[in-house]
Amino acid sequence: MSRDELKEVLNKLADMFDRDKVCMVYWQASRGCAVRGHSFPEGVKPNLMAFASPLEMTPFDRDYDLISLEDKRFYFCNIKTLNLIPSVLGAQRAKEANADEVVFHRGSRVTEGAHSNVLIIKDGELVTPPADELILPGITRKHLMELAPSAGLKVKIQPFSLTELMNADEVIISSSSTLCARARSVDGIPVGGKDEAHIKALQRVYGEKFKEETGYKI
């Protein structure tokens, strides 16, 4: 299936959904069905699974409580696969701690969340880890970087430590359903809350973009 053919299939799927609700279109491809083995199968047809389902968007006025957790995943985090055991275990740890999300870190370096990207605001700059093999470069992360100048923020692509996150002016969680959530604590310790003007401006411009492209207001 070509890129254009796939786009047509996904758009048709979205059009079939109730347009009065926000929906998520999810698609997943595999190399194909074959006898079990570890090398790539030959002569098989790839599989495509796609569906649409309701999606609850996180309101901008909801703050997140986070926990930190050592990142023990492998070095292909930049590739979207179904090797999600560490993320599932991390999400469960967060749930058990009555928190909303995990902040993974390798040593002192912050990588990302169990199902989100983690960014910070410091001294008028939106700081994000580089899109290397340690993070999945989420589309909301990309949008935040593009929208930052409209919110009066410079963009810096640079690794930051857990200590730097704890001392940041603001801590941001972003994902497809959580466009720009403000974190208020990590491991029970208050964080952020020092640059309300910039994070509110960033949420405002992202909300305008979302409404323009979808017709829905967050």
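About the criteria used
Residues numbered from 1 in each chain as written. Predicted model: local features only at pLDDT ≥ 70, side-chain atom pairs only at ≥ 80, totals over all residues. Heavy atoms only, no water. Core = buried A, V, L, I, M, F, W, Y, C linked by side-chain atoms within 4.5 Å. Buried < 20%, exposed > 50% of the residue type's maximum accessible area, 1.4 Å probe, protein only. Helix = DSSP H or I, 4+ residues; strand = E, 2+ residues; numbered from the N terminus. Contact = heavy atoms within 4.5 Å.

Caption draft 1: Region of interest: the nonpolar core. Membership of the largest hydrophobic core comes to 20 residues, with the highest contact counts inside it found for Leu126, Leu144, Ile172, Cys180 and Leu202. Mapped by element, the contributors of at least two residues to this core are strand 6 (117–122), helix 3 (139–147) and helix 5 (196–214). Per-element accounting of this core gives the leading share, 6 residues, to helix 5. Ignoring anything within four residues of it in the chain, the contact list for Ile172 reads Asn117, Val118, Leu119, Ile121, Leu126, Leu144, Cys180, Ala181, Ile199 and Leu202. Listed in part, the 17 residues of the second largest apolar core include Val110, Val118, Phe160 and Val186.

Caption draft 2: Region of interest: the environment of Lys7. With respect to the element layout, Lys7 can be found in helix 1 (residues 3–15). According to the relative accessible area criterion, Lys7 is exposed, its value standing at 55%. Distance in space between the C-alpha atoms of Lys7 and Gly152 is 34 Å, their sequence separation being 145 residues.

Caption draft 3: Region of the structure containing the environment of Leu165. By the element assignment, Leu165 lies in helix 4 (residues 162–166). Taking the relative accessible area as the measure of exposure, Leu165 reaches 0% and is therefore buried. Separated by 56 residues in sequence, Leu165 and Arg109 place their C-alpha atoms 9.6 Å apart. Non-local contacts of Leu165, meaning those with residues more than four positions away in its chain, are made with Val103, Val110, Val118, Ile120, Phe160, Val171 and Val186.

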